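Survey of secondary and tertiary structure
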Amino acid sequence: MEPGLPGSERKLTVHPEQVKVQERYQYYDIDGVSADDLRAQMKRNGTTWNDGNVYAALTTWDIRYHYDITSKDGRYELCDISTDVDIVFHMPRLSPGAKAPLPLKTTWEGYYQHLQTHESGHRDIAVRIGEDLYRELAALGSSASRKDLDREAQTLIKTEFRKLKAEQIEYDAETHHGIKQGAVLSEPTLASSAEQ
């Protein structure tokens, strides 16, 4: 089942090292009497990503970081480090009161669970990178130069963000955008229709 109402689900989690993670869902409604109807609506109403493709579901993330630099005995070090990860799941939702027959609704529920599993994988990668970023910044040693320390921190941040992009692309390639995880909406089988 889809969590909450459109855009209303918000969850704040404290991860290791005090990394704050916030999740929310944005839905678009679909309805129809066949899987073809639902797929056509997802293609038409899904989310367009920066690669130009339209996806039935999409997970976006925003990793924000902060640090200050303090000086002690002629050495500089990072302090007040924080990392926040905001996750937005853009998901299709079978309209309340949908006209879909029961076998299609049952098929939809299975599809949605697989789709959520795939999108949660994207979230997990972003959260892990946010946690890694926090730990890496916290582990930076001191420096005789404020400018050098800041440059080292910024280099580390850029490296983590490049790693995030590469891992997200690799995850989609490995899972074929969730297809290998079962995120395929097909017509209900005759056997499942007869059971209903």
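A brief look at the structure comes next. These numbers were taken from a predicted model, which means no experiment stands behind them. In this numbering scheme, every chain counts its residues from 1 along its sequence in written order. Where local features are concerned, this predicted model is filtered to residues with pLDDT of at least 70; where side-chain atom pairs are given and counted, the filter is 80 or more; whole-chain, interface and lining totals use all residues. Heavy atoms from the whole structure form the basis of all side-chain values; hydrogens and water molecules are not counted.

1. Examining the side chain of D132
Our working definition: Put simply, DSSP H or I for four residues or longer makes a helix, DSSP E for two residues or longer makes a strand, and each gets a number counted from the N terminus. Two N or O atoms count as a polar contact when they lie within 3.5 Å, although within protein this holds only if one can serve as hydrogen donor and the other as acceptor, and sequence-adjacent residues are included solely when both atoms are side-chain atoms. Pairs of residues are marked as contacts when any of their non-hydrogen atoms sit within 4.5 Å.
By the secondary structure assignment, D132 is in helix α2 (residues 102-139). Looking at D132, its side chain comes within polar contact range of the side chain of R135, at 3.1 Å. Discounting residues that sit within four places of it in the chain, D132 has contacts with E160 and K163.

2. Considerations on the pairing of strand β5 (residues 58-72)
Threshold: Two strands are counted as paired when DSSP detects at least two bridges linking them.
Sheet analysis places β5 next to strand β6 (residues 75-94), joined by 14 bridges and oriented antiparallel. Looking at the pairing, T60 lines up with V88 of β6.

3. Some points on the pattern of salt bridges
Note the cut-off: Every case where a carboxyl oxygen of Asp or Glu lies within 4 Å of a side-chain nitrogen of Lys or Arg is listed as a salt bridge. Residue burial is assigned from relative accessible area. The probe radius is 1.4 Å, only protein chains are included, and a residue is buried under 20% of its type maximum, exposed over 50%, and partly exposed in between.
According to the stated counting rule, one finds 13 salt bridges in the structure shown. Taking the shortest distance from any N to any O, the salt bridge between R64 and D62 comes out at 3.7 Å. With a relative accessible area of 35%, R64 lands in the partly exposed category. Residue D62 is classed as partly exposed on the basis of its relative accessible area, which comes to 39%. Between K163 and D132 there is a salt bridge; the shortest N-O distance is 3.6 Å. With K163 in helix α3 (residues 146-175) and D132 in helix α2, this residue pair connects regions lying 31 residues apart in the sequence. Judged by its relative accessible area of 31%, K163 is partly exposed. Residues participating in the shared-partner salt-bridge network are R128, D132, R135, E160, K163 and E167.

4. Concerning the packing of helix α1 (residues 35-45) against α2
The geometry of a pair of packed helices is captured by two quantities: the angle between their axes and the separation between those axes. Our working rule: Each axis is a line fitted through C-alpha atoms, and for a helix only the stretch in contact is used; angles between axes span 0 to 180 degrees, taken between their N-to-C directions. Between 65 and 115 degrees an angle is taken as roughly perpendicular, under 35 as roughly parallel, over 145 as roughly antiparallel, and anywhere else as oblique. Only Asp, Glu, Lys and Arg are considered charged in this grouping, and only Ala, Val, Leu, Ile, Met, Phe, Trp, Tyr, Cys and Pro are considered nonpolar; every other residue, Gly among them, is considered polar.
Where α1 contacts α2, the two axes come as close as 11 Å, and the packing angle between them is 45°. Relative to α2, the element α1 lies oblique. Every residue of α2 that contacts α1 at A35, L38 and M42 is listed here: L104, W108 and Y111. Each residue belonging to the contact of α1 with α2 can be placed in one class, and the counts come to six nonpolar, no polar and no charged.

5. Concerning the packing of aromatic side chains
In plain terms, the rule: For Phe, Tyr and Trp, where Trp contributes only its six-membered ring, two rings pair if their centres lie within 6.5 Å, and the inter-plane angle classes them as stacked under 30 degrees, edge-to-face over 60, or tilted in between.
All told, the structure shown has five aromatic pairs when counted by the stated rule. Measuring from centroid to centroid gives 5.8 Å for Y25 and Y27, while their planes differ by 10°, and the two rings are stacked. Residue classification places Y27 among the buried residues on the basis of a relative accessible area of 12%. Each ring, one from W108 and one from Y112, has its centre 6.2 Å from the other, and the planes form 45°; the classification is tilted. Of this pair, W108 and Y112 both sit in helix α2, four residues apart, which is roughly one turn of the helix. One exposure class covers both W108 and Y112, and it is buried. Taken together through their ring pairs, the aromatic side chains of Y25, Y27 and F89 make up a single cluster.

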